[in-house]
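# Summary of structural features
Residue strings, one per chain:
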Amino acid sequence: MKSVPMLFVIACAFMGFSAHAQTWTPAESSHFGADGFETADPFRLTPLQLDSAYRWEANGLRNVNIAWNRTLSPMGGQFRWEFIEPSRGTYDWAKPDSFVKRIQAEGLHLLVLVHPFTPWDQPGKNGANYDKPNDMTAFKRFIAKMVERYDSDGIDDMPGLRYPIKYYEIGNEPEGPTFGDSPGTYNDFMQTVKAAYDTAKVAYPDVKIVIGGTSPIYDSRGFSNPIDAFWKGALNRTNVGSYFDIFNIHFFVGQYTKDIKDYLDYWKNLLSTYGVSNKEIWITETGTYTGTSSGPDNQPWPYQSSEYQAGWWVKHVAYGLANGVTKFFWVFYYSDQNDWRTTVAFVDRDKTTKKPVFYTHRLLAEKIDAFSSVVQNSYSATAQNQTSGNFRFTVDGKPVYIVWNDAGGNVTLSGLSATQVKVTKAIPQLDQNGRVILDGSGNPTFETSTQIVANGQVTLPVSTVPLYVEESITPPAAPTLVSPVDGATGVSITPTLIWNKSTSATSYWLQVSTTSSFLTTVFDSTIADTSRQVGPLTNNTTYYWRVSAKNSAGSSGFSASRSFTTLAPTSVERIGTEVLTEYNLSQNYPNPFN
């Protein structure tokens, strides 16, 4: 690594996870979800076992700061048409209802995955290989009943529903076995999506339809392949913007992988080509593995460490949020399968050991999930494992930077307003086996340091481990009053009050009173500058004034107060404000000159 002299480190510590000040709540606006409940199989477990499985994973999602669950698993989710309407006109809501109750008990939100298949509608097909519904009227009726049951409007709602379910995804990777037996089936898929969209909007106008997630498009043939052909056909239709609300892609790291930038560039260009560049983009299946793994073709993927997995996630999210992605769903929170799913999941098969990515994600959500804006200062990708990034998120009015460079070196941040920054490594401390080191309370530790800012800049060494850089903003010191001097007399009744700038202050609170206690005031306002003209005041009166400085971290105490006395009235004094508008000359009686 190239060495550049570092600025003085005033503190270095290991931060326990519980020390974070930012409080995370599972808001609908949260950017993070998971394809969870892989093992909560309602057809394999007893009701008590199923509730226990729901409880365990819902609590786990909440604890890792994941607000959303996409109902991918098990067996395609709890809302499959074939499970809810096993025979025509007979509806059984017991299984989805019990799932919704457990999810909402943790305050989590659902993206409901809808597979438009039931055996009585498509004999000879199955839940992994189906076409568009033969009886589209029956499918629409199912959609209407489901959306109505979970819309929380007080009509035919699920008993105990706490808040509405607004988001429904129609199909999953439709260019595969479902709908995808031939490229032309994109028309069948889009007809199904449109039917669901129109029906759901009637039942619940606020509902959002998410188009079935695309398969990871890049393979040994590059981007030009049957997936590319399917989606070009699907989007190439009149008024395609009225078919769905949210576009939905899948992105993994495996044998054939391009950088997230390449994926997003491809899909954003495609959406722009067909006039729907204004659509939100969600990535509802994403992740990378630890150790070694393989894909459907059984070709081995290269070894990846748990540290790499955790760092990849932060980099992936930072770039995506800065470039149009609004939600990410990790696959999976937990899986008991002895295949690639276990290598990706946040939690090991023992259901106890949490991978570094678990804690890395929890800190990521605490740091930036509530961001209001993000700026990409720089990003480059020369290879899958060679990227660098510098992103500035604004959270509660304060900047949070995410920076890294897989090639090493240094990064300089400019335009800082604080006198120091707090630097936190995004990955917890690991032992030699790549497992998280926990403190006595069972919390991970994240290496932190505080560094001095000079002339609005700080230079930091960077590596493959992303860093959070936050300005250490403290309330400013009270300003010093300048003019009028204390005890001044003969002061104008419209004086300009002046004080010195307080370092890091963004505004000031000025009070003027006729009493030194300031119980009542004649001027009391927050202003941005370091001077203010007040008045007109009363002549020959003593006034007291003081100023407090403010910034996003809080306010200083008030400055020591000063007094001044306004000038006395002059000898020629205007009495009243009335202006004469009529003049009369009256006869004087008796007239002394007559």
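As a reminder, the structure under discussion sits directly above these lines.
What you see as residue numbers is a count from 1 along each chain, following the sequence as written. Since the coordinates come from a predicted model, pLDDT governs what is reported: local features require at least 70, and pairs of side-chain atoms require 80 or more to be given and counted, while whole-chain, interface and lining totals use all residues. Neither water nor hydrogens contribute to the side-chain values; these are computed over all heavy atoms in the structure.

## Quick notes on the pairing of strand β14 (residues 420-425)
Whether two strands pair depends on DSSP finding at least two bridges between them. A helix here means a DSSP run of H or I that spans at least four residues, while a strand means a run of E at least two residues long, and both kinds are numbered starting from the N terminus. Of the strand pairs in this sheet, β14 and strand β15 (residues 445-452) are connected by 5 bridges, and their pairing is antiparallel. Looking at the pairing, K422 lines up with T450 of β15. Taken together, the 5 bridges between β14 and strand β17 (residues 467-471) define a ladder with antiparallel strand orientation. The residue bridging K422 from the neighbouring strand is E470, located in β17.

## Considerations on the pairing of strand β7 (residues 246-252)
One face of the sheet, then the other: side chains in a regular strand alternate in exactly this way. Burial status follows relative accessibility: with a 1.4 Å probe on protein chains alone, a residue under 20% of its type maximum counts as buried, one over 50% as exposed, and anything between as partly exposed. Taken across its 7 residues, β7 has 7 buried, putting it largely inside the fold. Burial along β7 is two-sided: the residues I246, N248, H250 and F252 and F247, I249 and F251 are all buried. Pairing analysis gives 7 bridges linking β7 to strand β8 (residues 280-287), with the strands arranged parallel. When the bridges of β8 are listed, I249 appears paired with I283.

## Comments concerning the pattern of salt bridges
For this document, the term salt bridge refers to a Lys or Arg side-chain nitrogen within 4 Å of an Asp or Glu carboxyl oxygen. Within this structure, the stated rule accounts for 20 salt bridges. For D97, the salt bridge identified is with R149, shortest N-O distance 2.6 Å. Of the two residues, D97 sits in helix α3 (residues 94-105) while R149 sits in helix α4 (residues 136-149), which places them 52 residues apart along the sequence. Relative accessible area serves as the criterion here: at 8%, D97 is assigned to the buried category. On the accessibility criterion, R149 (16% relative accessible area) is buried. Residues D265 and K261 are paired through a salt bridge, measuring 2.9 Å at the closest nitrogen-oxygen approach. Of this pair, D265 and K261 both sit in helix α7 (residues 260-273), 4 residues apart, roughly one helical turn. Note on D265: relative accessible area 29%, which makes it partly exposed. Using a relative accessible area of 34% as the deciding quantity, one classes K261 as partly exposed.

## Let's talk about the side chain of S306
Its place among the elements puts S306 in helix α8 (residues 306-322). A relative accessible area of 15% places S306 in the buried class. When neighbours within four sequence positions are excluded, S306 is seen to be in contact with T290, P356, L430 and G434. Every residue pair with non-hydrogen atoms within 4.5 Å of one another is taken to be in contact.

## Brief notes about the environment of L567
Position of L567 relative to the elements: it lies in the segment after β26 (562-566). Taking the relative accessible area as the measure of exposure, L567 reaches 35% and is therefore partly exposed. Sequence separation between L567 and T542 is 25 residues, and the spatial gap between their C-alpha atoms is 9.6 Å.

## Concerning the side chain of T71
Among the secondary structure elements, T71 is positioned in the loop between β3 (68-70) and α2 (81-84). What makes T71 buried here is its relative accessible area of 0%. The definition of a polar contact used here is a pair of N or O atoms within 3.5 Å, where within protein one atom must be able to donate a hydrogen and the other to accept one, and adjacent residues in sequence count solely through side-chain atom pairs. For T71, the side chain forms a polar contact with the main-chain nitrogen of L113, separated by 2.8 Å. The residues contacting T71, other than those within four sequence positions of it, are G76, G77, Q78, F79, F99, L110, L111, V112 and L113.

## Quick notes on the sheet that holds strand β18 (residues 481-483)
Taking strand neighbours across the sheet as the criterion, the 3 strands line up as β18-β20-β23 in an open arrangement whose pairing is antiparallel. Edge positions in the open sheet fall to β18 and β23 (531-533), since each of these has one partner strand only. Mean inter-strand twist for the sheet, computed between neighbouring axes without regard to direction, equals 25°. Angles shown run from 0 to 180 degrees and are taken between the N-to-C directions of axes, each axis being a line fitted to C-alpha atoms and, for helices, limited to the stretch in contact.

## Brief notes about the environment of S555
Turning to its location among the elements, S555 is positioned in strand β25 (residues 554-555). Judged by relative accessible area, which is 41%, S555 ranks as partly exposed. Sequence separation between S555 and A478 is 77 residues; the distance between their C-alpha atoms is 8.4 Å. Ignoring any residue separated from it by four or fewer positions in sequence, one finds S555 in contact with P475, S548, A549 and K550.

## Brief notes about empty space enclosed by the protein
Of the two site types, the cavity is a set of points on a 1 Å grid over the protein atoms alone where a 1.4 Å probe fits but cannot get out, and the pocket is an open set with protein on both sides within 12 Å along at least five of seven lines, each lined by residues with an atom within 4 Å of a point. Grid points are joined across faces, edges and corners, and a volume is the space filled by probe spheres set on the points. All told, the structure shown has 2 cavities of 30 Å³ or more when counted by the stated rule. Roughly 50 Å³ of internal volume is contained in the second largest cavity. What lines the second largest cavity is P42, F43, G77, Q78, F83, I84, D92, K95 and P96. Elements that contribute at least two residues to the lining of the second largest cavity include exactly α2 and α3. Here the lining of the second largest cavity is composed, by residue class, of 5 nonpolar, 2 polar and 2 charged. Under the convention adopted here, Pro, Cys and the residues Ala, Val, Leu, Ile, Met, Phe, Trp and Tyr are nonpolar, Asp, Glu, Lys and Arg are charged, and Gly plus all remaining residues are polar.

## Re unusual backbone geometry
Excluding glycine, most residues fall at negative phi; most peptide bonds, likewise, are trans. Residue V331 is joined to F332 through a cis peptide bond whose omega torsion reads -10°. Looking at the secondary structure, you find F332 in the loop between β9 (325-330) and α9 (340-344). P484 follows S483 through a cis peptide bond whose omega is 0°. Along the chain, P484 falls in the loop between β18 and β19 (488-491). Not every positive phi belongs to a glycine, and E173 is a case in point at roughly 45°. For E173, the position within the fold is in the loop between β5 (167-172) and α5 (186-203). E173 sits in the partly exposed class, given a relative accessible area of 22%. At N455, a position not held by glycine, the phi torsion is positive, near 55°.

## With respect to the packing of α5 against helix α6 (residues 226-235)
Helix-helix packing is characterised by the crossing angle of the two axes and by the distance between the axes. At their nearest, the axes of α5 and α6 sit 9 Å apart, and the two run at 50° to each other. Classed by the angle they form, the pair α5 and α6 counts as oblique. Crossing geometry of α5 relative to α6 is assigned as right-handed. Across the interface between the two elements, Y186, F189 and M190 of α5 pack against A229, F230, W231, G233 and A234 of α6. Considering only residue class, the contact of α5 with α6 consists of 7 nonpolar, 1 polar and no charged. Oblique is the label for any angle not covered by the other classes, which are roughly parallel (under 35 degrees), roughly antiparallel (over 145) and roughly perpendicular (65 to 115). Definitions for this section: a left-handed crossing has its near helix turned counterclockwise from the far helix by less than a right angle. A right-handed crossing has that turn clockwise.

Shape descriptors only; they carry no functional weight alone.
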